[in-house]
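Tertiary structure, described
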Amino acid sequence: MEATQNGQNSQETADNPSPNPQAPAPALSKNAQKKLLKQQKFEAKKAEKKAQMKEQKHKDAERKRKEWEEKLAALPDDERNKLIDSRKELRKQRMEKRSEERDHKIQRLTQAKQTGPNIVLDLEFSHLMTHSEIHSLVQQIMYCYAVNGRCSFPAHLWLTGCQGEMETQLQRLPGFDKWIIEKEKQSYIQAFSEQKDNLVYLTADSETVLHELDSTKVYIVGGLVDRNRWKGITMKKAEEQGIHTAKLPIGNYMKMSSSQVLTVNQVVEILLRFLETRDWKTSFFQVIPQRKRSEADAENCQEVDGEECKEENEESERKKKCVEVLSHD
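All values reported here derive from a predicted model rather than from experimental measurement.

1. Regarding the overall build of the chain
What the chain contains, in helices and strands, is ten helices and eight strands. Of all 329 residues assigned to the chain, the portion counted as buried reaches 41%. Here the contacts in the chain between residues at least 6 apart in sequence split such that 76% fall between residues at least 24 apart. As displayed, the chain offers around 18,600 Å² of accessible surface, 48% of which is attributable to carbon and sulfur atoms.

Given below as structure tokens:
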């Protein structure tokens, strides 16, 4: 979704005129500047925390290594060999389990290409983003793929308009060339030229509320980290292309703390949760972090279907697991 339900959008296709790549971005209002400064501080703090976690992880690994060596040194030869063999066997079992899980994942994603709902990430707005914003979007795409791979009923994911720096950064992701996902340089209009009537662009500016996911439709999520510089751009694009639009029914189930700004991976994960639960409320509360909800929702919703609402650290943990899953593929 775009910079209201998705925090992201897409670039105009060759079929429609796009904003001049050389044109300067619109001047930010004072309120927008404050939000941008707040975002920059948040990113800086996140980077610092990430560095601290990395250092702590290194220290923990070194401590465990020393403890293991000390434990072995204190044992007789026969017991030491038994302990070493036991550890090797556990490692072998973990590797076999991981291999089995990977095979099942490949089977699910392969089957999804035939029967799964089509979800497109529109990557045609890269010329409107800075290098760091493209990097942020690439990370979100990585989370999308990882979450989809863990789903019991994954979607058929597409990357369209994948060119230039966007493609270059994606190619740097570990194992990207082996991803079971459609990678298209052409636009979704060209990729689905015979299904134009089934295209649905997800944007919060739409007046149509999405109540159900239709297996015959192709749902498009705009890929643009725009920091609110290009409001309404995906809606305008969809209107110019003459395709359907819709918005997630967030307002029917919760109040957002400010604007309904969601990242690409949050929108995709909401769609995937709904495919499994067929429950929008559960999907929203499992994915949307508390910092984006109003105080009333954060206080009143302590549980959704028996699960506590997600905290920000749980969101980070989920993303960390995504990275670990991809690194093992």
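2. Digging into the packing of aromatic side chains
Considering all chains together, one arrives at seven aromatic pairs under this definition. The interplanar angle of 55° and the centroid separation of 4.6 Å between the aromatic rings of W158 and F192 together place this pair among those described as tilted. With W158 in strand β2 (residues 156–160) and F192 in the loop between α5 (188–191) and β4 (199–202), this residue pair connects regions lying 34 residues apart in the sequence. On the basis of relative accessible area, W158 is assigned to the buried category, the value being 12%. Sitting over the ring of W68, R87 keeps its end group 3.9 Å from the ring centre. Directly above the ring of F125 sits K237, whose terminal nitrogen or CZ lies 5.4 Å from the centroid.

3. Quick word on the pairing of β2
Of all five residues in β2, five are buried, a share of seventy percent or more. The alternating pattern of β2 places H156, W158 and T160 on one face and L157 and L159 on the opposite face, and all of these are buried. One ladder, built from five bridges, connects strand β1 (residues 118–122) with β2; its direction is parallel. Residue pairing across strands places I119 opposite L157, the latter belonging to β2. Once the chain exits β1 it traverses helix α3 (residues 131–150) before rejoining the sheet at β2, and the crossover so formed is right-handed. Alignment of β2 against strand β3 (residues 182–183), held across two bridges, turns out to be parallel. Residue pairing in the sheet places W158 in a bridge with E182 of β3.

4. Points about unusual backbone geometry
The backbone of R278 sits at a positive phi, close to 55°, despite the residue not being glycine. With respect to the helices and strands, the residue R278 is situated in the loop between α7 (264–277) and α8 (280–287).

5. A closer look at the pattern of salt bridges
Under the criterion given, the structure shown has 13 salt bridges. The network of salt bridges with common partners includes D60, R63 and E67.

6. Things to note about the packing of α3 against helix α4 (residues 164–171)
The relative placement of two packed helices comes down to the angle between their axes together with the axis-to-axis distance. It is at 10 Å that the axes of α3 and α4 come closest, and there the two elements cross at 50°. By the criterion of interaxial angle, the relationship of α3 to α4 is oblique. α4 is crossed by α3, and the crossing has right-handed handedness. Along the contact surface, α3 presents H131, I134, H135, L137, V138 and I141, while α4 presents E165, M166, Q169 and L170. Among the residues forming the contact of α3 with α4, the class breakdown is six nonpolar, three polar and one charged.

7. Re the packing of α3 against α7
Orientation of α3 relative to α7, taken along the N-to-C sense of each, is 15°, at an axis distance of 8 Å. The angle between the axes of α3 and α7 places the two elements in the roughly parallel class. Both α3 and α7 take part in a crossing whose hand is right-handed. Along its contact with α3, which presents L137, Q140, Y143, C144, V147 and N148, the element α7 presents V264, N265, V268, E269 and L272. Residue composition of the contact of α3 with α7, grouped by class: seven nonpolar, three polar and one charged.

8. Observations concerning the sheet that holds β3
Across the sheet, which stays open at both edges, the six strands sit in the order β3-β2-β1-β5-β4-β6 with parallel pairing between neighbours. The outermost strands of the open sheet, each flanked by one partner alone, are β3 and β6 (244–246). Examined bridge by bridge, β4 and β6 share three bridges and lie parallel to one another. Note that in β6 the partner of Y201 across the bridge is T245. Sheet strands touched by α3: β1 and β2. Its angle to β2, the strand with the most contacts, is close to 160°.

9. Here we look at α7
Because an α-helix packs 3.6 residues into every turn, residues spaced three or four apart end up facing the same way. Given a rise of 1.5 Å per residue, 14 residues ought to cover 20 Å, and the 20 Å separating the end C-alpha atoms of α7 matches this to within 8%. Buried residues dominate α7, accounting for eleven of its 14 residues. Turning to α7, its buried residues number three or more, namely V264, N265, Q266, V267, V268, E269, I270, L271, L272, F274 and L275.

So, how was this worked out
Residues numbered from 1 in each chain as written. Predicted model: local features only at pLDDT ≥ 70, side-chain atom pairs only at ≥ 80, totals over all residues. Heavy atoms only, no water. Helix = DSSP H or I, 4+ residues; strand = E, 2+ residues; numbered from the N terminus. Buried < 20%, exposed > 50% of the residue type's maximum accessible area, 1.4 Å probe, protein only. Contact = heavy atoms within 4.5 Å. Areas by Shrake-Rupley, 256 points an atom, 1.4 Å probe, with all protein chains shown as cover. Phe/Tyr/Trp six-rings, centres within 6.5 Å; stacked < 30°, edge-to-face > 60°. Lys NZ or Arg CZ within 6 Å of the ring centre and 35° of its normal. Pairing = 2+ DSSP bridges. Right-handed = clockwise from strand over helix to strand, strands pointing away. Salt bridge = Lys/Arg side-chain N within 4 Å of Asp/Glu carboxyl O. Axes fitted to C-alpha atoms, helices over the stretch in contact; angles between N-to-C directions. Parallel < 35°, antiparallel > 145°, perpendicular 65-115°, else oblique. Left-handed = near helix turned anticlockwise from the far one by under 90°. Nonpolar A, V, L, I, M, F, W, Y, C, P; charged D, E, K, R; others polar. Expected span 1.5 Å × (residues − 1).

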